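Chain and residue survey
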Amino acid sequence: MDTESTYSGYSYYSSHSKKSHRQGERNRERHKSPRNKDGRGSEKSVTIQAPTGEPLLANDSTRTEEVQDDNWGETTTAITGTSEHSISQEDIARISKDMEDSVRLDCRRYLGLTVASVLGLLVFLTPIAFILLPPILWRDELEPCGTICEGLFISVAFKLLILLIGTWALFFRKQRADVPRIFVFRALLLVLIFFFVVSYWLFYGVRILDSRDRNYQGIVQYAVSLVDALLFIHYLAIVLLELRQLQPMFTLQVVRSTDGESRFYSLGHLSIQRAALVVLENYYKDFTIYNPNLLTASKFRAAKHMAGLKVYNVDGPSNNATGQSRAMIAAAARRRDSSHNELYYEEAEHERRVKKRRARLVVAVEEAFIHIQRLQAEEQQKAPGEVMDPREAAQAIFPSMARALQKYLRTTRQQHYHSMESILQHLAFCITNSMTPKAFLERYLSAGPTLQYDKERWLSTQWRLVSDEAVTNGLRDGIVFVLKCLDFSLVVNVKKIPFIVLSEEFIDPKSHKFVLRLQSETSV
């Protein structure tokens, strides 16, 4: 059906263009003779006539709004300025994905993991080397240790196992994002561990290896002290990396630059880049998905008002651009008094269309779900070969609601976020889990967070952090930093949580006594 409509539209356009061309030829012939009679044969007068039955471009706004209700997402042609390149939402998503894939190949991501792995291997092999080197190099000269050394061996083994599990849980976690700078506390801990192990090796080499110490029990206790110190450093790492940031100290106000949607978050002592990472993680689950099509109506309205303004200079050509700009501003201010009526009626008409489309969609979905429920009841008496799985059931009832859903998504400008495959998957999921029609429609009736949609529908996953201060500095009162992506930005304002003074006031329960006062005009 789409092919036939396209072909018929193309035939209409071709015949209509030929008719307009013949009318233009007759107009040019009609206007050529008077010009030649006046002796100005070199000049030509061309009259451009609008096609029959089609309004002019200046009067086409009302009709455009009506057509845009049904087919604005597929059949509308956008006329832009002098641009040589164009880009669509799918191109933006593909570019963002390619940029993300290229970032994954960057060797900086694995540099910190490699350094931490090498240092961790050195830390765990050092106590074992301290214990094994003396029996290997001078076994005959060592003094017998007995049961004490065997108990110390068991202690070292279990402490190393606990340290291994704790190190794996704290340091070797999957990286959530690429940050512009290193984590200061993590780097300081790695440097501390490195110098600590090196100092133990220097002492071991000078006092034990060179002198060939025969007190093997003292050597084992020296290795045990190293493991104990490493356990205390691991406890320090837990305090600095995890516990320090738990107590809320700052409130962050996050505002999206395009539509002004804002959220508030409470954070502890974090650096600017780590606070930005927390903000982005919460953005994808708390903020509604960014829809640039909702902002085009206001921009089109403002451009239409400014396009209707013309400035004429009666004194002749002049380069006084300031006077022209002032005249345009004054004319726009005079037209502003009547523009609010147009805005009011446009919004009222749009709300009416949305409510109408929504009612049709709700009725269509409820009827489709009633149908599939009746099929489920009847399938129990049918043969096993005729039973449908959730995917087949979704494909069976989807055509009855497809048109209503398509019109509603186009009216609310959400059609580029929901593909037919994603709708079928969601419908099959709802059928599998015996969800109601209202639960199925919740995703489409109101805009959800970004994580609710497919990843290829996200406009960007790569952000730029803009800050006046170093991103490794900690948060403090009054700091403002911006997170920018391809189409919008998040403005973050940091405020310190005020110090609260809470006092106590005791009230004796026996003091809660009352007296009833009766008057002549009361009804008691």
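Note: the structure precedes this text.
Residues numbered from 1 in each chain as written. Predicted model: local features only at pLDDT ≥ 70, side-chain atom pairs only at ≥ 80, totals over all residues. Heavy atoms only, no water.

1. Examining the nonpolar core
- Of all hydrophobic cores here, the largest spans 30 residues; its most connected members are F130, F196 and Y216.
- Mapped by element, the contributors of at least two residues to this core are α4 (108–137), α5 (147–170), α6 (184–209) and α7 (216–243).
- The element best represented in this core is α7, accounting for eleven residues.
- In this view, Y216 contacts I131, P134, P135, L142, E143, C145, C149 and F153; residues no more than four positions away in its chain are not counted.
- Y408, C430, I431 and F440 belong to the second-largest nonpolar core, a separate cluster that totals 26 residues. (Core = buried A, V, L, I, M, F, W, Y, C linked by side-chain atoms within 4.5 Å. Buried < 20%, exposed > 50% of the residue type's maximum accessible area, 1.4 Å probe, protein only. Helix = DSSP H or I, 4+ residues; strand = E, 2+ residues; numbered from the N terminus. Contact = heavy atoms within 4.5 Å.)

2. Quick look at helix α12 (residues 420–432)
- If you check α12, its first and last C-alpha atoms are 18 Å apart, about what 13 residues at 1.5 Å a residue would give, namely 18 Å.
- Of the positions making up α12, those classed as buried are S422, I423, L424, H426, L427, A428, C430 and I431.
- Phi for S434, located one or two positions after α12, is positive at around 55°. (Expected span 1.5 Å × (residues − 1).)

3. A short note on unusual backbone geometry
- Although it is not a glycine, R212 adopts a positive phi angle of roughly 50°.
- Along the chain, R212 falls in the loop between α6 and α7.
- Judged by relative accessible area, which is 40%, R212 ranks as partly exposed.
- Positive phi, normally seen in glycine, also occurs at S434, with a value near 55°.
- For S434, the position within the fold is in the loop between α12 and α13 (437–445).
- S434 sits in the exposed class, given a relative accessible area of 66%.

4. Concerning empty space enclosed by the protein
- Per the counting criterion, the structure on display carries three cavities of 30 Å³ or more.
- Of the pockets and cavities examined, the largest cavity occupies roughly 220 Å³.
- G120, V123, T167, F171 and I193 are the residues nearest the centre of the largest cavity, which is lined by 15 residues in total.
- Residue assignment for the lining of the largest cavity shows that the elements contributing at least two residues are α4, α5, α6 and α7. (1 Å grid on protein atoms, 1.4 Å probe; cavity = no way out; pocket = protein on both sides within 12 Å on 5 of 7 lines; lining within 4 Å. Points joined across faces, edges and corners; volume = space filled by probe spheres on them.)

5. What to know about the packing of α6 against α7
- Where α6 contacts α7, the two axes come as close as 11 Å, and the packing angle between them is 170°. One way to sum up the angle between α6 and α7 is to call them roughly antiparallel. Contacts from F185, R186, L189, L192, I193, F196, Y200, F203, Y204 and I208 in α6 reach I219, Y222, S225, L226, A229, L230, I233, L236, A237, L240 and L241 in α7.
- Taken together, the residues of the contact of α6 with α7 break down into 19 nonpolar, one polar and one charged. (Axes fitted to C-alpha atoms, helices over the stretch in contact; angles between N-to-C directions. Parallel < 35°, antiparallel > 145°, perpendicular 65-115°, else oblique. Nonpolar A, V, L, I, M, F, W, Y, C, P; charged D, E, K, R; others polar.)

6. Here's the deal with the pattern of salt bridges
- If you walk through the whole model with that rule in mind, you get eight salt bridges.
- Between E349 and R352 there is a salt bridge whose closest N-O contact spans 2.6 Å. Here the residue E349 and the residue R352 both occupy positions in helix α10 (residues 321–379), the gap between them amounting to three residues, near one helical turn.
- The partly exposed category is assigned to R352, whose relative accessible area is 45%.
- Between R476 and E469 there is a salt bridge; the shortest N-O distance is 2.0 Å.
- A relative accessible area of 25% means that E469 is categorised as partly exposed.
- Shared partners join several salt bridges into a network, and the residues in it are R256, D259, E261 and R263. (Salt bridge = Lys/Arg side-chain N within 4 Å of Asp/Glu carboxyl O.)

7. Some points on a nonpolar patch on the surface
- Residues Y110, L113, I154, F158, L161, L164, I165, W168 and F172 make up a contiguous nonpolar surface patch of about 960 Å² in total accessible area.
- Secondary structure elements with two or more residues in the nonpolar patch: α4 and α5.
- At six residues, the largest contribution of residues to the nonpolar patch is made by α5.
- Assignment of secondary structure puts I154 in helix α5. (Patch = residues over 30% accessible without salt bridge, like charges linked within 9 Å, V, L, I, M, F, W, Y side chains within 5 Å. Areas by Shrake-Rupley, 256 points an atom, 1.4 Å probe, with all protein chains shown as cover.)

8. Considering the sheet that holds strand β4 (residues 480–484)
- In spatial order, the strands read β2-β1-β5-β4-β3; together these five strands make up an open sheet with antiparallel pairing. Both edges of this open sheet fall to β2 (262–267) and β3 (464–467), since each of them pairs with a single strand only. Sheet twist, expressed as the average angle between the axes of neighbouring strands with direction ignored, equals 25°.
- As defined by bridge partners, strand β1 (residues 250–256) adjoins β2 across six bridges and the pair is classed as antiparallel. Note that in β2 the partner of V254 across the bridge is R263. (Pairing = 2+ DSSP bridges.)

9. Observations regarding the state of the cysteines
- Taken as a whole and assessed by the stated rule, the structure comprises one disulfide.
- Residue pairing for C145: its cysteine sulfur links by disulfide to C149, the two sulfurs lying 1.3 Å apart. The chirality of the disulfide connecting C145 with C149 is right-handed, given an S-S dihedral of about 90°. Exposure class is identical for C145 and C149. Each is buried. (Disulfide = S-S within 2.5 Å.)

10. Some thoughts on the side chain of T167
- As for its position among the elements, T167 is in helix α5.
- By relative accessible area, T167 is classed as buried at 13%.
- If we ignore the near neighbours within four places in the chain, the residues touching T167 are F124, F172 and H234.

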